[in-house]
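The chain contents come next:
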Amino acid sequence: MSDIVIDARGLKCPMPVLKLEKALAGARAGETVAVLATDPVARIDIALYCRQHGHGLDMREEGGALRFAVTKARSAA
C-alpha cells in the first residue's frame, strides 16, 4: 500500500516524473509514493529517476495504466 498516490494518467512525460519528484520532496525516507501513468515513456523516465536517486521501484500494469510504487531512499534529501 502506498502512502501517497499520484494520478498522472493522460499526462505526457516529463509531467509524471515532475509530480513524483515533488511528492518525494515532501515524503519521509521509507514512505511509498504510487504513480499511475499511461504514457509509455514514463516506464523509462521514472525507472531512470529512481535509479539516479537511489529510490526503490516496483512497476506493474494495472487497469490499462502503469503503476509505479516508489519507496523514498533513506539517504535521499
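To start, this report covers the structure provided alongside it. The structure displayed is predicted, hence computed values, not measured ones.

1. Things to note about the environment of R60
Within the secondary structure, R60 sits in strand β3 (residues 56-62). For R60, a relative accessible area of 44% translates into the label partly exposed. Measuring from C-alpha to C-alpha, the distance between R60 and R43 comes to 9.6 Å, with 17 residues separating the pair along the chain. Sequence-distant contacts of R60, that is, excluding residues within four places in its chain, are made with A65, L66 and R67.

2. Examining the sheet that holds strand β2 (residues 32-37)
Pairing in this open sheet of four strands is mixed, and the strands run β1-β2-β4-β3 from one edge to the other. Across the chains shown, the open sheet's two edge strands, defined by having one partner strand only, are β1 (4-8) and β3. Pairs of neighbouring strands in the sheet enclose a mean axial angle of 15°, with direction left out of account. Alignment of β1 against β2, held across five bridges, turns out to be parallel. The partner of D7 across the bridge, within β2, is L36. Relative to the sheet, helix α1 (residues 15-25) contacts β1, β2 and β4 (65-71), its axis offset from that of β2 by approximately 165°.

3. Points about α1
Of all the residues in α1, the buried ones are P16, V17, L20, A23 and L24. For α1, the angular spread of buried residues about the axis comes to 125°, placing them on one side. Exposed residues pointing more than 90 degrees away from the buried face of α1 are listed as K22 and A25. On its buried face, α1 is in contact with β1, β2, α2 (42-53) and β4.

4. What about the side chain of T32?
Among the structural elements, T32 can be located in strand β2. For T32, a relative accessible area of 13% corresponds to the buried category. A distance of 3.3 Å separates a polar atom in the side chain of T32 from a polar atom in the side chain of T71.

Parameters at a glance
Residues numbered from 1 in each chain as written. Predicted model: local features only at pLDDT ≥ 70, side-chain atom pairs only at ≥ 80, totals over all residues. Heavy atoms only, no water. Helix = DSSP H or I, 4+ residues; strand = E, 2+ residues; numbered from the N terminus. Buried < 20%, exposed > 50% of the residue type's maximum accessible area, 1.4 Å probe, protein only. Contact = heavy atoms within 4.5 Å. Pairing = 2+ DSSP bridges. Axes fitted to C-alpha atoms, helices over the stretch in contact; angles between N-to-C directions. Arc of directions from axis to C-beta. Polar contact = N/O pair within 3.5 Å; in protein donor to acceptor, adjacent residues only side chain to side chain.

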